[in-house]
Amino acid sequence: MSTLSMCQTQLGGFSFENCKRNAVLETEVTKVGCRMPAARKTGTTIVGVVFKDGLVLGADTRATEGMIVADKNCSKIHYISPNIYCCGAGTAADTEMTTQIISSNLELHSLSTGRLPRVATANRMLKQMLFRYQGHIGAALVLGGMDCNGPHLYSIYPHGSTDKLPYVTMGSGSLAAMAVFEDRYKQDMEEEDAKRLVRDAIAAGIFNDLGSGSNIDLCVITKGRVDYLRPHDMANKKGVRTGNYKYKRGTTGVLTKAVTKLDLEVVEETIQTMDTS
Amino acid sequence: MGQHIGAYGVQDTLRSGFSSVKNELLPSHALELSEKNFQLNQDKMNFSTLRNIQGLHAPLKLQMEYRAARQIQRLPFLQSSHLALDTLKGNDESISFEDILNDPAQSEMVGEPHIMVEYKLGLM
């Protein structure tokens, strides 16, 4: 009764067992008229720009799931190493896992060489992994960092191609952000000018693209210093309600009032903070 | 890729769809075949490059060491650490999806011991 696959040891990694079942389910579901659940994407505007002594990475903070905003304040600038950070667009889980794996590998590599990791190493590792999976891992990344050779900025596409440029944009809002860059980018800018340029580019993406929104996060990387500004600018604050539909006390007349005291004792008191942004 | 034999010994329609010749021959995902042979292809490529650069002795020596290290393991149905093999291949300094997803040590199904040992010894 056991098939040949039972005799061999199981390998780790991706398992394609359920692909046929998923294909069958998808055809059945579309016949009925429903839709399969969509993966959470990051819609997004992510940008990077090189200035005189370093580079600035910027990202918006909206995560979408189909037509719904899944997370109003997600963090899209991921840590790779103390001198290298990476912004991720595309499927949220893919960017998260890819950057974490590359960060671990780079840490092991740098412990083995005994030196600070270089941006070209991270780029090569990411490129080889994404090409291996032929674009099925939907991660479009903007990788930037400062190493012994100066500041470097790379854009990495889901199929594994990379570009090394002084300014890059990725994501659904990339065209709006690139328009701002093409207009105002200059070589060897000062840090404040670069931060303002990135802030304006992300704002262009936020206000003109449905997939991007909420706040603007910035990450400034210079030699020996990284400023992770989250949030740098709250472009979209939730409004305050001007009208109140509640009835005032005394609108309905009170006929009788009876007070019953309940004897309760406090057994345990815990505080749990919630992210109510 | 064989059909999944479900309960009662019949074809498991829910998990692997209707049984047809096309279903059995074609891979279920574009990456299935390339992932199954990825490690083999990488090794082949590396050995042939090594042979071109350093001569035949280099891959021969390495493959002899791999063969020796591969023999240091428990019986097939038990989990072995493959420590020597991993160190030789350089896998002890990298993490990839093979280490995170579907870890064989955490698998919920255990192989049939007798059949697995017979298969390994070539008696099947």
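The residue count restarts for each chain, going from 1 along the sequence in the order it is written. Following the order in which they are written, the chains are lettered starting with A and the ligands numbered starting with 1. The predicted origin of the model limits local features to residues at a pLDDT of at least 70 and limits the giving and counting of side-chain atom pairs to 80 or more, whereas totals for whole chains, interfaces and linings rest on all residues. Hydrogens and water are ignored here; the side-chain numbers use all heavy atoms of the structure.

Let's talk about the overall build of chain A
Logical step 1: A run of H or I in DSSP becomes a helix once it reaches four residues, and a run of E becomes a strand once it reaches two; helices and strands are each numbered from the N terminus. A count of helical and extended segments in chain A gives six helices and 12 strands.
Logical step 2: Taking the principal axes of the C-alpha coordinates as reference, chain A spans close to 80 × 70 × 45 Å.
Logical step 3: The buried share among the 277 residues of chain A stands at 42%.
Logical step 4: What sets the accessible areas is the Shrake-Rupley method with a 1.4 Å probe; for residues, cover comes only from the shown protein chains. On chain A, roughly 17,200 Å² of surface is accessible, and the fraction owed to carbon and sulfur atoms is 53%. Relative accessibility decides the category of a residue: with a 1.4 Å probe and only protein chains considered, values under 20% of the type maximum give buried, values over 50% give exposed, and everything between is partly exposed.

Focus: the overall build of chain B
Logical step 1: Check the secondary structure of chain B and you find eight helices and zero strands.
Logical step 2: For chain B, with 124 residues in total, the buried portion stands at 16%.
Logical step 3: Note on contacts: a residue pair qualifies if any of its non-hydrogen atoms lie within 4.5 Å across the two residues. In chain B, once contacts between residues fewer than 6 apart in sequence are set aside, the share between residues at least 24 apart is 27%.
Logical step 4: Of the roughly 9,500 Å² that chain B leaves accessible, carbon and sulfur atoms contribute 57%.

Details of the packing of aromatic side chains
Logical step 1: Aromatic pairing here means that ring centres of Phe, Tyr or Trp (its six-membered ring) are within 6.5 Å. Orientation follows from the plane angle: under 30 degrees is stacked, over 60 is edge-to-face, and everything else is tilted. Summed over all chains, the structure comprises eight aromatic pairs over all chains.
Logical step 2: Look at Y167 of chain A and F181 of chain A: their rings are 5.8 Å apart centre to centre, the planes differ by 75°, and that puts the pair in the edge-to-face class. You can see Y167 of chain A sitting in strand β10 (residues 167–170) and its partner F181 of chain A sitting in helix α5 (residues 174–184), a full 14 residues away along the chain. Each member of the pair, Y167 of chain A as well as F181 of chain A, is classed as buried.
Logical step 3: One aromatic cluster in this structure is built from F14 and Y133 of chain A together with F97 of chain B.

A short note on the pairing of strand β6 (residues 84–90) of chain A
Residue and element names in this part refer to chain A.
Logical step 1: The element β6 is largely enclosed, with a buried count of seven among its seven residues.
Logical step 2: Taking every second residue as pointing to the same face, both faces of β6 are buried, with I84, C86, G88 and G90 on one and Y85, C87 and A89 on the other.
Logical step 3: Where strand β5 (residues 77–81) lies against β6, four bridges are found, and the strand directions are antiparallel. Its bridge partner being in β6, Y79 is matched across the sheet by Y85.
Logical step 4: Here β5 folds back onto β6 in antiparallel fashion, the turn holding two residues.
Logical step 5: A pair of strands is treated as paired once DSSP finds two or more bridges between them. Judged from the seven bridges that link them, β6 and strand β7 (residues 139–147) form a sheet pairing that is antiparallel.

Description of the side chain of T99 of chain A
Residue and element names in this part refer to chain A.
Logical step 1: Looking at where T99 falls in the secondary structure, it is placed in helix α3 (residues 92–113).
Logical step 2: Judged by relative accessible area, which is 2%, T99 ranks as buried.
Logical step 3: In terms of polar contacts, T99 uses its side chain to reach the backbone carbonyl oxygen of E96, at 3.0 Å.
Logical step 4: The contacts of T99, once residues within four sequence positions are left out, are H78, I80, C86 and L141. Residues adjacent in sequence count toward polar contacts only when both atoms are side-chain atoms; beyond that, a polar contact is any pair of N or O atoms within 3.5 Å, and within protein one must be able to donate a hydrogen and the other to accept it.

Re the pattern of salt bridges
Residue and element names in this part refer to chain A.
Logical step 1: Here, a salt bridge means any Lys or Arg side-chain nitrogen found within 4 Å of an Asp or Glu carboxyl oxygen. Applying the stated criterion across every chain yields a total of 13 salt bridges over all chains.
Logical step 2: Between K31 and E28 there is a salt bridge, and its shortest N-O distance comes to 3.5 Å. Here K31 pairs with E28, and both are found in helix α2 (residues 19–32), just three residues apart, close to one helical turn.
Logical step 3: Its salt-bridge partner being D200, residue R199 comes within 3.0 Å of it at the nearest N-O pair.
Logical step 4: Note on D200: relative accessible area 21%, which makes it partly exposed.

Looking at the UniProt feature "domain: Proteasome beta subunit C-terminal" (unreviewed entry) in chain A
Logical step 1: In this numbering, the UniProt entry assigns the feature "domain: Proteasome beta subunit C-terminal" (unreviewed entry) to residues 235–271 of chain A.
Logical step 2: The distance separating the terminal C-alpha atoms of residues 235–271 of chain A is 30 Å; by composition the span is 0% helix and 0% strand. UniProt positions are given in the numbering used here, feature names are shortened, and annotations may be inferred rather than shown by experiment.

A word on helix α4 (residues 119–132) of chain A
Think of an α-helix as 3.6 residues a turn; residues three or four steps apart then line up on the same face.
Residues and elements named next belong to chain A.
Logical step 1: Here the expected length of a helix is defined as 1.5 Å per residue gap, with one fewer gap than residues. Its 14 residues place the ends of α4 20 Å apart at the C-alpha level, agreeing with the 20 Å of an ideal helix rising 1.5 Å per residue.
Logical step 2: When we look at burial in α4, the residues that qualify are V119, A122, N123, L126, M129, L130 and R132.
Logical step 3: Directly after α4, the chain includes Q134, whose backbone phi takes a positive value near 50°.

Considering the UniProt feature "active site" (unreviewed entry) in chain A
Residue and element names in this part refer to chain A.
Logical step 1: In this numbering, the UniProt entry assigns the feature "active site" (unreviewed entry) to T44.
Logical step 2: Its location among the elements puts T44 in the loop between α2 and β1 (46–50).
Logical step 3: Residue classification places T44 among the buried residues on the basis of a relative accessible area of 0%.
Logical step 4: When residues no more than four places from it in sequence are discounted, the contact partners of T44 are D60, K76, A89, M170, G171, S172, G173, D209, G211 and S212.

A closer look at the packing of α5 of chain A against helix α6 (residues 191–208) of chain A
Residue and element names in this part refer to chain A.
Logical step 1: Packing of α5 against α6 brings their axes to within 7 Å, and their N-to-C directions diverge by 145°. In this structure, the crossing between α5 and α6 has a hand that is right-handed. Contacts between α5 and α6 involve A176, A177, V180, F181 and R184 on the former and, on the latter, R196, L197, V198, D200, A201, A204, G205 and N208.
Logical step 2: Residues are grouped as follows: Ala, Val, Leu, Ile, Met, Phe, Trp, Tyr, Cys and Pro are nonpolar; Asp, Glu, Lys and Arg are charged; every other residue, Gly included, is polar. Residues of the contact of α5 with α6, tallied by class, amount to eight nonpolar, two polar and three charged. Helix axes are fitted only over the stretch in contact, all axes being lines through C-alpha atoms; the angle between N-to-C directions runs from 0 to 180 degrees. Rotating anticlockwise by less than a right angle from the far helix to the near helix defines a left-handed crossing, while the corresponding clockwise rotation defines a right-handed one.

Thoughts on a positive patch on the surface
All names here are of chain A.
Logical step 1: Patch membership needs two things, relative accessible area over 30% and no salt bridge, and members are linked within 9 Å if like-charged or within 5 Å if nonpolar (Val, Leu, Ile, Met, Phe, Trp, Tyr). Asp and Glu are treated as the negative residues and Lys and Arg as the positive ones, with His and the ends of the chain left uncounted. Every charge is mapped to an atom, namely NZ of Lys, CZ of Arg, CG of Asp or CD of Glu. The grouping of K72, K238, R241 and K246 at the surface amounts to a positive patch.
Logical step 2: By secondary structure assignment, the location of K72 is in the loop between β4 (68–71) and β5.
Logical step 3: The class for K72 is partly exposed, based on a relative accessible area of 47%.

Topic: the confidence of the model for chain B
Logical step 1: When pLDDT is averaged along chain B, the result is 83; 80% of the residues meet or exceed 70.
Logical step 2: Across the assembled chains, the prediction reports ipTM 0.81 with pTM 0.82. The score called pLDDT rates the predictor's confidence residue by residue, from a low of 0 to a high of 100.

A word on the sheet that holds strand β9 (residues 162–164) of chain A
Picture the strands of a sheet paired through backbone hydrogen bonds; they go either parallel or antiparallel.
Residue and element names in this part refer to chain A.
Logical step 1: On the basis of which strands lie adjacent, the open sheet formed by five strands has the order β5-β6-β7-β8-β9 and antiparallel pairing. Both edges of this open sheet fall to β5 and β9, since each of them pairs with a single strand only. Strand-to-strand twist in this sheet, taken as the mean axis angle between neighbours without regard to direction, amounts to 20°.
Logical step 2: Two strands pair when backbone bridges link them, and strand β8 (residues 150–156) and β9 are joined in this way by three bridges, in the antiparallel orientation. Along β9, the bridge assignment pairs Y154 with K164.
Logical step 3: Helix-sheet contacts for α3 involve β5, β6 and β7, and the interaxial angle to β5 is about 15°.
Logical step 4: Those strands touched by α4 are β6, β7, β8 and β9, and its axis lies near 165° from that of β7.

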